[in-house]
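The residues making up each chain are set out below.
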Amino acid sequence: MTSPHVAVVGAGLGGLTLARVLQVHGLPVTVFEREPSSDSRSQGGTLDMHVGSGQTALAKAGLLDEFRALARPEGQERRILDEDGTLLHHEQPADGDESMPEIDRGQLRGLLIDSLADGTVRWGQGVEGAAGRSVLLRDGSSEEFDLVVGADGAWSRVRPSLSEVTPAYTGVSFIETGFEEARHPELARLVGNGSMSAYGPNKAVLAQRNSNGRIRVYAAYRGPHDRPVPEVLAMFDGWAESVRALLLEADEPFESRPLFALPVGHSWPHTPGRTLVGDAAHLMPPLGAGANLAMLDGAELADALAAESDVDAAVRAYESAMFPRAARLGRFTTDGLDALFSPEGVKGALRLFGELTG
């Protein structure tokens, strides 16, 4: 029997993990990516890779040792402050704790790209959609495969062929900036080795340490996502000067990051020849589950395709496990976002993190 040829639309973490594990199993795969190259844009901040999900996927990909060489276990440190700058909660990882080490998203993506056979990713190949078992390219052509997998994120071009549902605004927006530790060592000390967050009613200042001496900072708030940056910054007037300085002393332009999500429990009828992984399937608030879940989706779908002689049977097996898992984590992240950005302010955050660590 000829091995099934899989098309993956999107070279994000979920799609690349799927491609890598397929190649580990000796199965052919083509990844379509609209970006012109792997380094055409910044890949954002840092991610924590969890035992049982992201790290499981990396093990299936044969990349766990390479990941550990890049990861930062010390990045598991967490500090929670109130708006006056008082430290209320401080977690530090125990020696040898690698349950959720941090790694820059760009480093992780690069690790996966470098692990693929030459020519696997077709850069600059935008996809317009999918029909049957075909990928519809933006240049008007199409290519047929045994399976088309949408791994193309929140605004997936493949999803509409399976579901009419689209992401909705969560009511919470971030504006992102950052600075070099060398320029502001006192602010870097406030952040610590991992992440720092200061909460007030319906808003927060968040900071996370990245590699190479970079600190990424976010002003987050509940409200309309089109607020001008000066208006957002004014929301933090009266907060501790040290916390406000994380925003005011930053040296990167502010970028808007409104949070969108798919409904909790989003699913679709099994459709021969097509399925989804990652944010394309179950976009949820960014509370540590999204990247891990996307990578586990990709690894498990690849394993199912290697184990089953029938492609549709493999996809059914994958979807039957993915749907309930995504629903469970989607509810957790949605409830978590509501706790973090509530009128209670820091009390909601402390309760949430107490539940996570208790």
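Look up a bit, the structure's there.
Keep in mind that what you see is a predicted model, and the values were worked out from it rather than measured.

> How should the sheet that holds strand β10 (residues 142-144) be read in this particular structure?
Strand pairing in a sheet is mediated by backbone hydrogen bonds. Such pairs are either parallel or antiparallel. The three strands are arranged β8-β9-β10 in an open sheet whose pairing can be described as antiparallel. The open sheet terminates on both sides in strands that have one partner only, identified here as β8 (127-131) and β10. Averaged over all pairs of adjacent strands, the angle between their axes in this sheet comes to 20°, without regard to strand direction. By the bridge criterion, four bridges tie β8 to strand β9 (residues 134-137) in an arrangement that is antiparallel. Paired with A131 across the two strands is S134, which belongs to β9.

> Just checking my understanding: could you explain the pairing of strand β4 (residues 78-82) for this structure?
Side-chain positions along a regular strand alternate between the two faces of the sheet. Burial analysis of β4 places five of its five residues in the buried class, which makes it a mostly covered element. Across the two faces of β4 the burial is the same, with R78, I80 and D82 and R79 and L81 all buried. Of the pairings in the sheet, the one linking β4 to strand β5 (residues 87-91) comprises four bridges and is antiparallel in character. If you follow L81 over to β5, its bridge partner there is L87. The turn joining β4 and β5, which pair antiparallel and follow one another in sequence, is formed by four residues; a positive phi near 85° is taken by G85.

> Help me understand the packing of helix α9 (residues 290-307) against helix α10 (residues 311-340), please; the structure alone is not making it clear to me.
Between two packed helices, the angle of one axis relative to the other and the distance separating the axes together describe the packing. Two elements in contact, α9 and α10, have axes separated by 8 Å at closest approach and are oriented at 155°. With respect to α10, the element α9 is oriented roughly antiparallel. The hand of the α9/α10 crossing is right-handed. Contact with α9, carried on its side by L293, L296, D297, E300, L301, A304 and L305, involves V311, A314, V315, Y318, M322, R325, A326 and L329 of α10 and no other residues of that element. For the contact of α9 with α10, the per-class residue count stands at twelve nonpolar, no polar and three charged.

> Hey, could you run me through the pairing of strand β11 (residues 147-150) in this one?
Neither face of β11 is open: one carries L147 and V149, the other V148 and G150, and all of them are buried. Here strand β1 (residues 6-9) pairs with β11 via four bridges, running parallel. Across the sheet, residue V6 finds its bridge partner in β11, namely L147. Bridge count between β11 and strand β17 (residues 274-276): three bridges; the pairing is parallel. Its bridge partner being in β17, V149 is matched across the sheet by T275.

> Even after reading the chapter, I still don't get the nonpolar core, so can you show me in this structure?
Taken as a class, soluble globular proteins show a tendency for nonpolar side chains to be buried jointly. Ranked by internal contacts, the top residues of the largest apolar core, which has 64 residues, are M49, F67, L108, V135 and L305. Top element by residues in this core is α9. It accounts for eight residues. With residues near it in sequence (within four places) discarded, L108 still touches L13, L47, M49, L58, F67, I103 and M295.

> For this particular structure, what's the right way to read the pattern of salt bridges?
Close approach of charged atoms allows side chains of opposite charge to pair. Within the structure shown, the criterion is met by 26 salt bridges. Of the charged contacts, one joins R68 and E98 as a salt bridge, the two residues approaching to 3.7 Å between their closest N and O atoms. A residue pair is termed long-range when its members are at least 10 positions apart, and R68 in helix α3 (residues 64-70) and E98 in the loop between β5 and β6 (102-104) qualify at 30 residues. Accessibility expressed as a relative area gives 42% for R68, which makes it partly exposed. Between E143 and R122 there is a salt bridge, with its nearest N and O atoms 2.6 Å apart. With E143 in strand β10 and R122 in strand β7 (residues 121-123), this pair connects stretches of sequence that are 21 residues apart. Sharing partners across several salt bridges, the network here consists of E180, R183, R214, D251 and E252.

Procedures and definitions
Residues numbered from 1 in each chain as written. Predicted model: local features only at pLDDT ≥ 70, side-chain atom pairs only at ≥ 80, totals over all residues. Heavy atoms only, no water. Pairing = 2+ DSSP bridges. Helix = DSSP H or I, 4+ residues; strand = E, 2+ residues; numbered from the N terminus. Axes fitted to C-alpha atoms, helices over the stretch in contact; angles between N-to-C directions. Buried < 20%, exposed > 50% of the residue type's maximum accessible area, 1.4 Å probe, protein only. Parallel < 35°, antiparallel > 145°, perpendicular 65-115°, else oblique. Left-handed = near helix turned anticlockwise from the far one by under 90°. Contact = heavy atoms within 4.5 Å. Nonpolar A, V, L, I, M, F, W, Y, C, P; charged D, E, K, R; others polar. Core = buried A, V, L, I, M, F, W, Y, C linked by side-chain atoms within 4.5 Å. Salt bridge = Lys/Arg side-chain N within 4 Å of Asp/Glu carboxyl O.

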